[in-house]
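Here's the letter readout for the chains.
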Amino acid sequence: MQPSPVPNPPARPPRTWVQRLFGRWWRRQSPARQDRFATLGPLVSVLLFLAAIISTFWYLRNEEFEREQASVKRDTEVAQQQIRLRLIENQEQLVRIAREIVTRTIDQEEFLSQASSFTRERPEITSLVWVDAQRARRASYSATTFQAELGAAPETPGAARPPEPDAAFDTARELRQPVYSRPFNDRFGNAVFQIHVPLLDRSNFAGALVAEYSAEGLVRYFVPAEVSNRHAITLLDASDRTLASTVASTPSASARRPQIVHDVPVAPAGNGLVLRGYGYRTSIGLISNALFWMVAALSVLTVWMLLGTWRHMRRRVQMQSALVSETNFRRAMENSMLTGMRAMDLEGRITYVNPAFCAMTGFLESDLIGRRPPFPYWPPDRFEENSRLLQQELQGRSPAGGIEVRVMRKDGSVFDARMYVSPLIDPKGQQTGWMTSMTNITEAKRIRDQLSASHERFTTVLEGLDAAVSVLSVQQAELLFANRSYRLWFGADAQGHALLAGAEPENPFRNSEFGDTIESLGGVPTTELTEAGSDSREVFIELLRKWFDVRARYLQWTDGRLAQMLIATDITARRNAETLAAAQAEKAQVTSRLVTMGEMASSVAHELNQPLTAITNYCNGMVSRVRNDAIAKDDLIAALEKTSRQAQRAGQIIHRIRAFVKRSEPVRQPAQARQIVEDAVELAGIELRRRNVAIQVYVAQRLPMLMVDPILIEQVVLNLVKNAAEAIDNAQLPPARRNIELRVVPRHTPEEGGVIEFTVTDMGPGLKEEVIARMYEAFFSTKTDGLGIGLSLCRSIIESHRGRIRAQNLYNGSSVSGCRFSFTLPVDTARSEVPPTPHSTVVS
């Protein structure tokens, strides 16, 4: 008879916020105190909530005031900035007109024309007046129907004039710089102020140029509409008198007073003008807020409801105290079990699960208690199988050794488990259900499955390789393993392994490439051989007409025998592609040299035309003098020697070109960098003279020998020099910038070690960034008639010699002042010497 499971405790009453917050301190209090705290806690929370609402309203009210204050300040400063920029711009234009007046560039008629255009574009300026040193009016223009108030004598005797223009005129004469007058009212009562720009003729005061501003015009035209729509902007003088405003009337004592005021001075006037912005608070009082009273009413209602629940909470606390001991005992028993336990009634309904079962499945106890099949931990694809097993369990036909099932966790993952089932008997001897224990066997099953599938996976991988894999016993020369590719090429015979190892067909079991003979390895320790690294070589199998990349390694076979493993990869296609690429590269090099000579055809023709013309002239002269018997023997010999030297010169040019374009196999041989440079410069000189470009050559002394193909390196140097000359000539640069510098010096870098660096620098227009990024691509060219193989071939040649080629623009400040191509060729650093004396050559 099985013991009955521990009954489920009654549901715990919900804990108050005081219990959740203070936890351990709460459990140490007496039940009476817990009762009082449980009652006062919600009440205090409601009062705190009401205080928080009041504080929030107060904070929002202050925040609104600060936002409005910042808005008034920002709008006032924006308006002041607009007016300031306008005054500065007008002042600069007035200074320009005053300068033209002083230098007699304009007369009175031209002044009136400029004043008309000036005031028409600037509606804030009402008039422009030109007065002399005695304040006599020379010329004036008014945008209105009346003349401006001047510091000069009034035209009408006895007429009064304001003192501000006189003071500004005298100050401008004393300071010899533009001066703004204080604001005043003109004869029509409009608020205006003036700027007096002195006319200085050789440091002598010759009068002033007076412009009159309308205060109302400044505010109307230069206070932005969005600013005036939000706030009232007013222009005041030093005595706080309103000169102009964006509203019909400024705020007065009778109207609602502005609560926010911000003043900023109007610069650069400096005459006491102040721009003032007004703002008003839009929020209403705290007590008059309807939302406040609504929250207060809800808080009072909540307090009343809390008092009504006080008695009910006391009863629940007493019930909770009675169940504490039983709950603690139950929890200790549940937590001590590692095996998942599940109890079901006779109808298949779950009545109990322990914490271990919940931990295995990921479901809470509340998710499982009372559930009927299908249970939530059943995988969807195994409903039928699990239903069959459940019926077998309810009928009491479960095997004694347990059943293996798949269980799905709450997160969707699945694990393997083994369940053991036994009947659940009550104290009266009646069966009330079934008790099931569950154990997670996922890890054990995974290890078993991995061990069973290991050999199959290993064999499948090796059989699917395109490379031939074979393992040969060293002592018995027995083929221990061969994959599908090996059997396809060599069959099941061990002779193919020996051929791949590099043995002769007559003695296939003598390894001449990967070590000693197989018989001689018998006494070698196995550990020494298996810890050695793998060797690699390329082998050609004559029978298959294939190239293989073979890697060999010694290993210890499963039975302890020493074995040799070979992995042979078919590289026939790669070898054929490399051979074809080498042939194509050789053709490309010859083609590039022919293209270079083709591009230099006109220069070569011009270079040959000079000696041929000289030969023709010498021959014609000798013929005419021989016919007239007017030549001596010595003169004839001298003329023939000159003719011979010109013929030799033409022959040298043709011989040099023929040696450059001659098709030959690439041969690396010891070569001097100086000889390579001299041969390249000799050929490039033909093109340079035609394009009127000079070249300066610097070759360091005592450079080490280079193991290179001199024709290919000469081709690279010639290509770079010719490109530099074409860039200079196409840019049509002046003679001062038609220079190329060719330098050959030794270098030592951490990355490359000892190298010889060839540098070609020009003063041309440089290269664009997108061209530098793509200039080494095949068939990419910036020339309209270019093939795009020159620089690509240059990089291939340099990299085939284990060198590097790079290009960069030269800058003078932010502008491009030239371009530099450089490439390096490695040398033996032990044989390199420090150059004591440079060698320079200049060719024009």
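Criteria and thresholds
For every chain, the first residue of its written sequence is number 1, and the numbers climb from 1 along that sequence. Local features in a predicted model are, by the rule used here, given only for residues with pLDDT of at least 70; side-chain atom pairs are given and counted only at 80 or more, and totals for whole chains, interfaces and linings are based on all residues. Just so you know, side-chain values use all the structure's heavy atoms and leave hydrogens and water out. Cavity means a closed set of points on a 1 Å grid over the protein atoms alone, one where a 1.4 Å probe fits but cannot get out, pocket means an open set with protein on both sides within 12 Å along at least 5 of 7 lines, and lining means a residue has an atom within 4 Å of a point. Grid points are joined across faces, edges and corners, and a volume is the space filled by probe spheres set on the points. The residue classification treats Ala, Val, Leu, Ile, Met, Phe, Trp, Tyr, Cys and Pro as nonpolar and Asp, Glu, Lys and Arg as charged. All others, Gly included, are polar. Centre distance within 6.5 Å is the pairing criterion for rings of Phe, Tyr and Trp, where only the six-membered ring of Trp is used; planes under 30 degrees apart are then read as stacked, over 60 as edge-to-face, and the remainder as tilted. Exposure is judged per residue with a 1.4 Å probe applied to protein chains only, and the accessible area is read against the type maximum: over 50% gives exposed, under 20% gives buried, and values in between give partly exposed. Each helix is a run of H or I in the DSSP string that is no shorter than four residues. Each strand is a run of E no shorter than two, and both are numbered from the N terminus. Note on criteria: charge over ring means Lys NZ or Arg CZ within 6 Å of the ring centre, with the direction from the centre no more than 35 degrees off the ring normal. A residue counts toward a patch only above 30% relative accessible area and without a salt bridge, and it is joined to like-charged neighbours within 9 Å or, for Val, Leu, Ile, Met, Phe, Trp and Tyr, to nonpolar neighbours within 5 Å. With residues, only the protein chains shown are counted as cover, and all accessible areas are computed by Shrake-Rupley using a 1.4 Å probe. By definition, a salt bridge exists where a carboxyl oxygen of Asp or Glu is found within 4 Å of a side-chain nitrogen of Lys or Arg. Lines fitted to C-alpha atoms define the axes here, with helix axes fitted over just the stretch in contact, and angles between the N-to-C directions of these axes take values from 0 to 180 degrees. Crossing handedness follows the turn of the near helix against the far one: under a right angle anticlockwise gives a left-handed crossing, and clockwise gives a right-handed one. Whether two residues are in contact is decided by their heavy atoms, any of which lying within 4.5 Å being enough. When DSSP finds at least two bridges between two strands, those strands are taken to pair.

A.B. asks: Tell me about empty space enclosed by the protein, and please be specific about residues and values.
C.D. replies: One pass over the structure, following the stated rule, counts 4 cavities of 30 Å³ or more. Within this model, the largest cavity holds a volume of roughly 140 Å³. As for the largest cavity, its lining consists of Arg342, Tyr377, Trp378, Asn386, Leu389, Leu390, Glu393, Ile403, Val405, Arg406, Val407 and Met419. Residues that form the lining of the largest cavity fall into these classes: 8 nonpolar, 1 polar and 3 charged.

A.B. asks: I'd like to hear about the packing of aromatic side chains, residue by residue, with values.
C.D. replies: Counted by the stated rule, this structure contains 13 aromatic pairs. Measuring from centroid to centroid gives 5.3 Å for Phe375 and Trp378, while their planes differ by 75 degrees, and the two rings are edge-to-face. Take Phe375 and Trp378: they sit in the same class, and that class is buried. Taking the centre distance of 4.8 Å and the plane angle of 5 degrees together, the rings of Phe758 and Phe823 count as stacked. On the criterion of sequence distance, the pair formed by Phe758 in strand E25 (residues 753-762) and Phe823 in strand E27 (residues 815-826) is long-range, its members being 65 residues apart. Here the aromatic residues Phe357, Phe375, Tyr377, Trp378 and Phe383 are joined through ring pairs into a cluster of three or more. Note that Arg575 overlies the ring of Trp547, its terminal NZ or CZ placed 3.8 Å from the centroid. Here the basic side chain of Arg743 rests over the ring of Tyr698, its NZ or CZ set 4.4 Å away from the ring centre.

A.B. asks: Give me the lowdown on a nonpolar patch on the surface, citing residues and values where you can.
C.D. replies: Among the surface-exposed residues, Met294, Leu298, Leu301, Trp304 and Met305 lie close enough to one another that they form a single nonpolar patch of about 590 Å² accessible area. With respect to the element layout, Leu298 can be found in helix H8 (residues 290-308).

A.B. asks: Let's hear about the packing of helix H21 (residues 673-690) against helix H22 (residues 710-730): which residues, and what values?
C.D. replies: Running from N to C, H21 and H22 cross one another at 35 degrees; their axes reach a closest spacing of 9 Å. The crossing of H21 and H22 is right-handed. Contact residues: Ile676, Asp679, Ala680, Leu683, Ala684, Glu687 and Leu688 in H21; Pro710, Ile713, Glu714, Val717, Leu718, Val721, Lys722 and Ala725 in H22. For the contact of H21 with H22, the class distribution of residues is 11 nonpolar, no polar and 4 charged.

A.B. asks: Summarise the pairing of strand E8 (residues 242-245); cite the residues concerned and give the values.
C.D. replies: The pairing of strand E7 (residues 232-236) with E8 spans 3 bridges and is antiparallel. Residue Leu236 lies in a different strand from E8, and its bridge partner there is Thr242.

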